[in-house]
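Chain by chain, the residues:
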Amino acid sequence: MEFILVTPQARPAVALIQLNRPKELNALNLQLMQEIRDALKALDEDDAVRVVVITGNERAFAAGADIKQMAGKTAIDMLITDQFSTWDQIRKFRKPLIGAVSGFALGGGCELAMTCDMLVASETAQFGQPEIRIGTMPGAGGTQRLTRAVGKAKAMEMVLTGEFISAQEAHRVGLVNRVVPVGQYLEEAYRLAASIAAMSPVAARLAKESVNRSFETHLDEGLHFERKNFYLTFASEDQKEGMAAFVEKRKPEFKGR
Ligand code: DAK
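The rules behind the values
Residues numbered from 1 in each chain as written. Predicted model: local features only at pLDDT ≥ 70, side-chain atom pairs only at ≥ 80, totals over all residues. Heavy atoms only, no water. Core = buried A, V, L, I, M, F, W, Y, C linked by side-chain atoms within 4.5 Å. Buried < 20%, exposed > 50% of the residue type's maximum accessible area, 1.4 Å probe, protein only. Helix = DSSP H or I, 4+ residues; strand = E, 2+ residues; numbered from the N terminus. Near = heavy atom within 4 Å. Polar contact = N/O pair within 3.5 Å; in protein donor to acceptor, adjacent residues only side chain to side chain. Pairing = 2+ DSSP bridges. Axes fitted to C-alpha atoms, helices over the stretch in contact; angles between N-to-C directions. Expected span 1.5 Å × (residues − 1). Contact = heavy atoms within 4.5 Å. Salt bridge = Lys/Arg side-chain N within 4 Å of Asp/Glu carboxyl O. 1 Å grid on protein atoms, 1.4 Å probe; cavity = no way out; pocket = protein on both sides within 12 Å on 5 of 7 lines; lining within 4 Å. Points joined across faces, edges and corners; volume = space filled by probe spheres on them. Nonpolar A, V, L, I, M, F, W, Y, C, P; charged D, E, K, R; others polar.

(A) Quick look at the nonpolar core. The biggest cluster of nonpolar side chains holds 44 residues, and the ones touching the most others in it are Ile36, Val52, Leu112, Phe127 and Leu175. For this core, the leading source of residues is helix H1 (residues 30–44), giving 6 residues. In terms of nonpolar packing, the next biggest core, distinct from the first, is built from 18 residues, Met118, Val120, Val180 and Ala193 among them.

(B) Region of the structure containing the site of the ligand. Taken together, 24 residues surround the ligand, and among them Arg59, Ala63, Ala65, Ile67 and Gly108 come closest. Take Ala65: an N or O atom from its main chain is 2.8 Å from an oxygen atom of the ligand. A distance of 2.7 Å separates an oxygen atom of the ligand from a polar atom in the backbone of Gly108. Elements supplying a minimum of two residues to the shell around the ligand: helix H2 (67–70), helix H4 (83–91), strand S6 (104–106) and helix H5 (108–115).

(C) How the structure looks around the sheet that holds strand S3 (residues 51–55). Sheet architecture is open: 6 strands sit in the order S1-S2-S3-S5-S7-S10, paired in mixed fashion. The outermost strands of the open sheet, each flanked by one partner alone, are strand S1 (4–11) and strand S10 (178–180). Direction aside, the axes of adjacent strands within the sheet are offset by 20° on average.

(D) Up close: helix H9 (residues 185–197). Over its 13 residues, H9 runs 18 Å from end to end, which matches the ideal 18 Å to within 8%, given 1.5 Å per residue. Within the sequence span of H9, burial applies to Tyr185, Glu188, Ala189, Tyr190, Leu192, Ala193, Ile196 and Ala197. Packing partners of the buried residues in H9 comprise S1, strand S2 (14–19), S3, strand S5 (97–101), strand S7 (118–122) and S10.

(E) The pattern of salt bridges, seen in detail. Going through the model one piece at a time under the given rule, you end up with 15 salt bridges. A salt bridge links Glu24 to Arg21, with the shortest nitrogen-to-oxygen separation between them at 3.8 Å. Among the residues examined, Arg21 registers a relative accessible area of 11% and is labelled buried. A salt bridge links Asp66 to Arg21, with the shortest nitrogen-to-oxygen separation between them at 2.9 Å. Here Arg21 lies in the loop between S2 and H1 and Asp66 lies in the loop between strand S4 (60–62) and H2, a separation of 45 residues in the sequence. In this structure, Asp66 and Arg21 share a single accessibility class: buried. A network of salt bridges, in which partner residues are shared, links Arg21, Glu24 and Asp66.

(F) Region of the structure containing the layout of surface pockets. Of the volumes computed, that of the largest pocket is approximately 1200 Å³. Forming the boundary of the largest pocket are 34 residues, of which Thr115, Asp117, Arg145, Asn212 and Phe215 lie nearest the centre. At the level of elements, H5, S7, helix H6 (145–150) and helix H10 (201–213) are the ones that each hand at least two residues to the lining of the largest pocket. The element that contributes the greatest number of residues to the lining of the largest pocket is H10, accounting for 9 residues. Grouping the constituent residues of the lining of the largest pocket by class yields 17 nonpolar, 6 polar and 11 charged. Here the second largest pocket defines a volume of roughly 740 Å³. What lines the second largest pocket is a set of 31 residues, among which Ala65, Met70, Met78, Thr136 and Met137 lie closest to the centre. Put simply, the parts of the chain that give the lining of the second largest pocket at least two residues each are H1, H2, helix H3 (75–81), H4 and H5.

Written as structure tokens, this is what we have:
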């Protein structure tokens, strides 16, 4: 891996992916995105990993897709490169994925953050979809996920003016889960990850899938989907362990089976 650092056990059962193109503010070139995709695939298949944290550095989570790499491309170049398949595979990651964001999360960087299940932001984080300022528009979910997260008025303003919002505002409008001082954002993400890693990985996976389904379907179908996944948890050893531990007044030990 040239542009990311992967630590499979950054904390017990918690892996870390760190974007590592600091001079370019972690601009997302094709190779970097492919490396994230490959790392997530490997971590998805690694039973020792229950939760993944993805981060950049203090100055930038990612300042967007690599403008220098994109600048001369034609529509047909973009069509043939089919970058969306990389993004689609990232979206299909099945374990909980937490973004730890400091500094710039712009354009594709904001979109990458929004593919995470939860976000911890430092007080210096800034989120934005500034593509309009360079004559284009969001292409990897910015008009869709941002609108679902913050509502139409705020999303329209961000997408049409390209203005950034602060971590505090991102928190107020529901884009991020928590905002902490800059020295603490990664630790806070690990804390959140550890609390999820202590749960049943089977239940976490089915619950994540069910929450995500709510964005893609109507209520009746979503409730049906949720019920099937709820029933499915009763096929797991973890459900037996969790309920036995409650009755026996002890801490459960979930095995992911
Ligand atoms: N691409 C390439 N290089 C970038 C970059 C980017 N997005 N952002 C920053 N850099 C580079 C700068 O060029 C500079 O490099 P040198 O000139 O030193 O070689 C270095 O990082 C430091 O940046 P600055 O000197 O500009 O630093 P400042 O603190 O002055 O400004 C800034 C920071 C973040 C405000 C500024 O760099 C900036 O405005 N950056 C561009 C932000 C932006 O427009 N982002 C949106 C890009 S479009 C798709 C998926 C996704 C996308 C599209 C398609 N498919 C699946 C098909 C997404 C598109 C986008 O994200």
